[in-house]
Amino acid sequence: MEKSRKTNTADAYAVQCGKCFKWRLIPTKEQFEDIRQNFIDDPWACDKNPNVSCDDPGDIEYDTRNVWVIDKPNLPKPPSGVERLLIMRSDYSKMDVNYVMPNGKKLRSSVEVEKFLEAHPEYKDKYSLADFSFTTPKIPPEMIPKDIEPKVPSVRKKQKTKDSQSISEV
DNA sequence: GCCACCGGTGGC
DNA sequence: GCCACCGGTGGC
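Only a predicted model underlies this, so the values are computations on that prediction, with no experimental measurement involved.

Thoughts on the pattern of salt bridges
- One pass over the full model with this rule turns up 10 salt bridges.
- Of the charged contacts in the structure, one is a salt bridge between Lys124 and Glu118, with a shortest N-O distance of 3.0 Å.
- Look at Lys124 and you get partly exposed, because its relative accessible area is 42%.
- One connected set of salt bridges, linked through shared partners, spans Glu30, Asp34 and Lys77.

If you want it as structure tokens, here you go:
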């Protein structure tokens, strides 16, 4: 996923084809969430779209012209009426997950979800804890803009090679 | 007074 | 060492 400097949230979503490894843009967040929730059992491929094949050029390149963040596969899709927000810290150190409930309340952890459901029994048959995941994507070090100052100069963070690609929000 | 944002840490 | 979680607070 690529983040807009303005909104601090993803402004595009892309999935990588399991066969040709090209990246294809997914038009909406909800479609992206649909693909993501079953990604391991049902990996995505270009021909999932009747009008697209691996012979077609990719929609977007994985490079530093955008800030890419690789999402975890198989996150539960937010139930209807609930939106999952993924917010980038201004220093690109990490991301935060918030769930926006139908009444506008934002939840920051599973514990808060639990409390919310207790406090609002009317939602209890509609939503369950399993619908929520606060797992955050990793930010590949090369995606951190060059003009961002490293956080604590005294502490060196070690770079990590991250395997995968698979799913990504841009 | 709220809430978006950030820093710190406990537990794994 | 990582990351899910939460307390604090500055700016509105």
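Let's talk about the side chain of Glu33
- Assignment of secondary structure puts Glu33 in helix α1 (residues 29-37).
- One buried charged residue, Glu33, remains without a salt bridge, the closest side chain of opposite sign being Arg36 at 4.0 Å.
- Apart from the residues lying within four places of it in its own chain, the contact partners of Glu33 are Lys77, Pro78 and Arg84.

Considering the sheet that holds strand β5 (residues 83-88)
- Taking strand neighbours across the sheet as the criterion, the three strands line up as β5-β6-β7 in an open arrangement whose pairing is antiparallel. Strands at the two margins of the open sheet, each flanked by one partner only, are β5 and β7 (106-107).
- Note that strand β6 (residues 95-100) and β7 share two bridges and pair antiparallel. Bridge assignment links Tyr99 to a residue of β7, and that residue is Leu107.

A few points about the UniProt feature "domain: MBD" (unreviewed entry) in chain A
- Using the residue numbers shown here, the UniProt feature "domain: MBD" (unreviewed entry) corresponds to residues 68-139.
- Taken as a whole, residues 68-139 contains 14% helix and 22% strand, while its terminal C-alpha atoms sit 7 Å from one another.

Regarding the pairing of strand β3 (residues 23-26)
- Two strands pair when backbone bridges link them, and strand β2 (residues 10-16) and β3 are joined in this way by four bridges, in the antiparallel orientation. For Ala14, the partnering residue across the bridge sits in β3 and is Leu25.
- Count of turn residues in the β2/β3 antiparallel hairpin: six residues, of which Phe21 carries a positive phi of about 65°.

Reading the values: the criteria
Every chain is numbered independently, its residues counted from 1 as its sequence is written. As a convention, the first chain written is A and the first ligand written is 1, with the rest following in written order. Local features are withheld for residues below a pLDDT of 70 in this predicted model, meaning they are given only at 70 or higher, and side-chain atom pairs are given and counted only at 80 or more; totals for whole chains, interfaces and linings count all residues. By convention in this description, side-chain values take in all heavy atoms of the structure and omit both hydrogens and water. Put simply, a salt bridge is a Lys or Arg side-chain nitrogen that is within 4 Å of an Asp or Glu carboxyl oxygen. Only protein chains enter the area calculation, which uses a 1.4 Å probe; residues under 20% of their type maximum are buried, those over 50% are exposed, and those in between are partly exposed. Under the scheme used here, helices are H or I runs from DSSP no shorter than 4 residues and strands are E runs no shorter than 2 residues, and both carry numbers assigned from the N terminus. In this charge count, Lys and Arg are treated as positive and Asp and Glu as negative; neither His nor the chain ends contribute. It only takes one pair of heavy atoms within 4.5 Å for two residues to be counted as in contact. When DSSP finds two or more bridges between two strands, those strands count as paired. UniProt positions are given in the numbering used here, feature names are shortened, and annotations may be inferred rather than shown by experiment.

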